[in-house]
Amino acid sequence: MPELPDVTAYVRCLERCVVGARLVRVRVRSPFLLRTVEPPIEAVEGQVVRAVRRLGKRIVLAFDDELALVIHLMIAGRFQWKAGGVEKLSKICLAAFDFEAGTLLLTEAGQKKRAALHVVRGAAALAAHDPGGLDVLSADAAVFVATLRRENRTLKRGLTDPRLFDGIGNAYSDEILHAARLSPVQLTSRLSDAEAERLFRAAQATLTRWMDELARRFAAKFPGPGDITAFRSEFAVHGRYGKPCLDCGDTVQRIRYAENETNYCPTCQTEGRVLADRSLSRLLKDDWPREARGVVPD
């Protein structure tokens, strides 16, 4: 799922393409995409986009009279910009937003159609789509730590709860925890003040680094379908299961649950311990390794 740095990159690119432009036509092809009936989708046709903003992991196209489109890309939703427009839409295209200068395509790969489009009017209707998480980049350490300790959860669950923190998901939480040298399963109640401060600094640094990096990459082009991804070669641990940690060289491990996967480095984060993976540990039982096979600290 596109997270804060990726969604911010989309917002910046959309600002260049559609702010000040008139939305001529909306073509919704998927019956699963549009989640509202009032106002109707036709209400935005002929309207000028006044602003593009981020609302958590959602993207908002704002028009006059407090009218807005709220788009949640979910896991596989992506945007494409076709200068000059496009008439024939591909099978994975959920909707097309036609402007005079081009067409904004909303696509979603895979069989599960989870992306969502809402048409809303008014500040209250828009606010209903805001999960309310803390903006880490504008917060200070005290507020961050207080938010983190609001509930006793694992650090991974805490960071990825949109009610607690704004825009952090599976990928960047792994990178943040690695940068902070903290275990993903450590409980917030057992976090020392020094560790909490370290996590705050790591969160700000990681998100800022990737926002700046994506801004550089897409300064002169709109992201392609493969450019917005949860798996980047420069990531230290996320998506690197079985590969070397980019910092210490130990083998990156994982914890799998449902459709998600947590990646971490035993040497950097868990004092050499391999955390039990629910599916594999049940299968292997006593054969499940409890120490990393790579570098283990003294």
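Treat the numbers as computed from the prediction; the structure is a model and nothing was measured. (Residues numbered from 1 in each chain as written. Predicted model: local features only at pLDDT ≥ 70, side-chain atom pairs only at ≥ 80, totals over all residues. Heavy atoms only, no water.)

Novice: Describe the overall build of the chain, naming the residues involved and giving the relevant values.
Specialist: The helix and strand inventory of the chain stands at eight helices and 10 strands. The C-alpha atoms of the chain give a radius of gyration of 21 Å, which matches the 19 Å a tight globule of 298 residues would have. Taking the principal axes of the C-alpha coordinates as reference, the chain spans close to 65 × 40 × 35 Å. Counting over 298 residues, the chain shows a buried share of 50%. Partitioning the contacts of the chain with sequence separation of at least 6, the portion at a separation of at least 24 is 61%. Surface summary for the chain: the accessible area is close to 14100 Å², and the carbon and sulfur share equals 50%. Averaging the positions of the 45 positive and the 38 negative side-chain charges in the chain gives two centres separated by 5 Å. (Helix = DSSP H or I, 4+ residues; strand = E, 2+ residues; numbered from the N terminus. Rg over C-alpha atoms; globule rule 2.2 N^0.38 Å. Buried < 20%, exposed > 50% of the residue type's maximum accessible area, 1.4 Å probe, protein only. Contact = heavy atoms within 4.5 Å. Areas by Shrake-Rupley, 256 points an atom, 1.4 Å probe, with all protein chains shown as cover. Lys, Arg positive; Asp, Glu negative; His and termini not counted. Charge placed at Lys NZ, Arg CZ, Asp CG, Glu CD.)

Novice: Provide a residue-level description of the side chain of R27, including the pertinent values.
Specialist: Summarising the element assignment, R27 is placed in strand β1 (residues 23–28). For R27, a relative accessible area of 14% gives the class buried. Within the structure, the side chain of R27 is placed 2.7 Å from the backbone oxygen of V86, a separation counted as a polar contact. A distance of 2.9 Å separates a polar side-chain atom of R27 from the backbone oxygen of E87. (Polar contact = N/O pair within 3.5 Å; in protein donor to acceptor, adjacent residues only side chain to side chain.)

Novice: Run through the sheet that holds β1, naming residues and quoting values.
Specialist: As summarised here, the arrangement of the four strands in space is β1-β6-β7-β5, forming an open sheet in which the pairing is antiparallel. A strand with exactly one partner marks an edge of an open sheet, and here the two such strands are β1 and β5 (77–83). Averaged over all pairs of adjacent strands, the angle between their axes in this sheet comes to 15°, without regard to strand direction. Bridge analysis of β5 against strand β7 (residues 102–108) gives seven bridges, and the strand direction is antiparallel. Residue pairing for β7: F79 is matched across the bridge by L106. (Pairing = 2+ DSSP bridges. Axes fitted to C-alpha atoms, helices over the stretch in contact; angles between N-to-C directions.)

Novice: Please provide a residue-by-residue account of the packing of aromatic side chains, values included.
Specialist: All chains considered together, the criterion is met by seven aromatic pairs. Look at F144 and F200: their rings are 5.3 Å apart centre to centre, the planes differ by 50°, and that puts the pair in the tilted class. Placement of F144 in helix α3 (residues 141–148) and of F200 in helix α6 (residues 193–217) is noted, with a sequence separation of 56 residues between them. The pair formed by F144 and F200 is uniform in burial state, with each residue classed as buried. With a centroid separation of 5.1 Å and an interplanar angle of 80°, the aromatic rings of W210 and F235 are classed as edge-to-face. Of this pair, W210 sits in helix α6 while F235 sits in the loop between α6 and β9 (253–257), placing them 25 residues apart in sequence. The pair W210 / F235 is uniform in exposure class, with both members buried. What links up through ring pairs into an aromatic cluster is the set Y10, F79 and F222. (Phe/Tyr/Trp six-rings, centres within 6.5 Å; stacked < 30°, edge-to-face > 60°.)

Novice: Could you give me a rundown of the state of the cysteines, with the residues and numbers involved?
Specialist: The final tally for this structure, using the stated rule, is zero disulfides. Distance from the sulfur of C248, which forms no disulfide, to the nearest cysteine sulfur (C265) is 3.4 Å. (Disulfide = S-S within 2.5 Å.)

Novice: Which residues make up α3, and what values go with them?
Specialist: Buried residues of α3: A141, F144, V145, T147 and L148, and no others. On an axial view of α3, the arc spanned by its buried residues comes to 160°, and they lie on one face. Turning to α3, the residues buried within the fold contact α4 (155–160) and α6. (Arc of directions from axis to C-beta.)

Novice: Mind laying out the confidence of the model for the chain, listing which residues take part and the relevant values?
Specialist: Put simply, the chain has an average pLDDT of 91, and 93% of its residues get 70 or more. Segment residues 279–298: pLDDT under 50, and 32 contacts once partners within four positions in sequence are set aside and those in other chains are kept. (pLDDT = per-residue confidence, 0-100.)

Novice: Let's hear about unusual backbone geometry: which residues, and what values?
Specialist: With an omega of 0°, the peptide bond between E38 and P39 qualifies as cis. Its location among the elements puts P39 in the loop between β1 and β2 (51–55). With phi around 55°, E66 is a residue other than glycine that occupies positive phi space. Among the residues examined, E66 registers a relative accessible area of 52% and is labelled exposed. Of note in the backbone geometry, M74 takes a positive phi value of approximately 55° without being a glycine.

Novice: Provide a residue-level description of the environment of T267, including the pertinent values.
Specialist: Tracing the backbone shows T267 in helix α7 (residues 266–269). Engagement of the side chain of T267 in a polar contact is seen with the side chain of D250, the distance being 2.7 Å.

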